[in-house]
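Listed below, chain by chain, are the residues.
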Amino acid sequence: MAKVLLVEDDLALQQLTKDYLEHNGLSVAVLSDGSEVMAAIEHDMPDMMILDVMLPGKDGFSVCREVRDKYNLPILMLTAKGEDFDQVIGLELGADDYVIKPAEPRVLLARVNALLRRNQAPNTHSEALNFGVLSVDKTSREVTLSGQEIVLTSHEFELLWLLSSRAGEVLSRDFVHEQMIGRQYDGLDRTVDVRISRLRKKLGDNSDKPYRIKTVWGQGYLFVADAWN
């Protein structure tokens, strides 16, 4: 039974969400204060976390940053606002997905299950790719650049593997979004854009004029195989 840590200070919503997730086969621990999250994770490592943005003690953005610096567990953020501003900040800090409150329970459950499946999917055979100074190992989920290990979240790794395993091929935004997020691109979701930006930063690409992971205007994204020499 997967363990979910729900951090939500609206006690009525917290209880409703807990009951619904547990009714659908998940084990749910709850917190109401952001300052208690790190201790709870260290005491009983959950399989994923649902994190509200507005919290007492420490806000969700600060919690997300602190957790991501130490752990790779999936983080689903809850935000009461629909502006790109909140969504992009959460993704930049390492959140894996977000849901805008009030969340329809079935949608929230689907997002939770999708994150759990991606994080727990076993590797059945060894696969590794090498491009000059870059090495991407799917079995160990390790990435090295010029001999230095690059720490990626699970979803950043999946995105890098998707792009690098189809090096030289322009992958459309719609395709990448559906492969990574598990749903069709709605024209507004910034998740893939933010993850691409984070990958470029971590892999030493030029953010203004990327040459390793290119954006092909009007077409999609291109992983350049010979840009890592």
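Residues numbered from 1 in each chain as written. Predicted model: local features only at pLDDT ≥ 70, side-chain atom pairs only at ≥ 80, totals over all residues. Heavy atoms only, no water.

Asks: Tell me about the pairing of strand 1 (residues 3-7), residues and numbers included.
Replies: Within strand 1, four of the five residues are buried, which leaves it mostly tucked inside the rest of the structure. Relative to strand 2 (residues 27-31), strand 1 is paired through five bridges, and the arrangement is parallel. Looking at strand 2, one finds that leucine 6 is bridged to valine 30. Where the polypeptide runs from strand 1 across helix 1 (residues 11-23) and back to strand 2, its parallel neighbour, the crossover connection is right-handed. (Buried < 20%, exposed > 50% of the residue type's maximum accessible area, 1.4 Å probe, protein only. Helix = DSSP H or I, 4+ residues; strand = E, 2+ residues; numbered from the N terminus. Pairing = 2+ DSSP bridges. Right-handed = clockwise from strand over helix to strand, strands pointing away.)

Asks: Before we move on, could you go through the pairing of strand 3 (residues 48-52) and cite the residues and values that matter?
Replies: Counted residue by residue, strand 3 has five buried out of five residues, so it is predominantly covered. Neither face of strand 3 is left uncovered, since the one carrying Met48, Ile50 and Asp52 and the one carrying Met49 and Leu51 both have all their residues buried. As paired elements, strand 1 and strand 3 share four bridges and run parallel to each other. Looking at the pairing, leucine 6 lines up with isoleucine 50 of strand 3.

Asks: Can you lay out the sheet that holds strand 4 (residues 75-79) for me, pointing to particular residues and giving the numbers?
Replies: Taking strand neighbours across the sheet as the criterion, the five strands line up as 2-1-3-4-5 in an open arrangement whose pairing is parallel. Here the strands that pair on one side only, and so sit at the sheet edges, are strand 2 and strand 5 (97-100). With strand direction ignored, the average angle separating the axes of adjacent strands in the sheet is 20°. (Axes fitted to C-alpha atoms, helices over the stretch in contact; angles between N-to-C directions.)

Asks: Go over the nonpolar core with me, naming the residues and quoting the values.
Replies: Counting residues in each nonpolar core, the largest one holds 28 residues, and the members touching the most others are Leu134, Val143, Leu163 and Leu203. Every element with two or more residues in this core is listed here: strand 7 (134-137), strand 8 (142-145), helix 6 (154-164), helix 7 (173-181), helix 8 (191-202) and strand 12 (220-223). Among the elements that make up this core, the one with the highest residue count is helix 6 (six residues). Leaving out residues up to four positions away in the same chain, leucine 203 has contacts with Leu134, Val143, Leu145, Ile150, Leu160, Arg212, Ile213 and Trp228. Listed in part, the 24 residues of the second largest apolar core include Val7, Met38, Val67 and Val194. (Core = buried A, V, L, I, M, F, W, Y, C linked by side-chain atoms within 4.5 Å. Contact = heavy atoms within 4.5 Å.)

Asks: Can you break down the side chain of threonine 153 residue by residue, with the values?
Replies: Structurally, threonine 153 is set in the loop between strand 9 (148-149) and helix 6. Its relative accessible area of 4% is what places threonine 153 among the buried residues. For threonine 153, the residues in contact, after removing those within four places along its chain, are Arg68, Asn72, Gly94, Asp96, Arg198 and Lys202.

Asks: Account for the side chain of lysine 101, with residues named and values stated.
Replies: With respect to the helices, strands and loops of the structure, lysine 101 is situated in the loop between strand 5 and helix 5 (105-120). A polar contact of 3.2 Å, which involves the side chain of lysine 101, links it to the side chain of glutamate 8. (Polar contact = N/O pair within 3.5 Å; in protein donor to acceptor, adjacent residues only side chain to side chain.)

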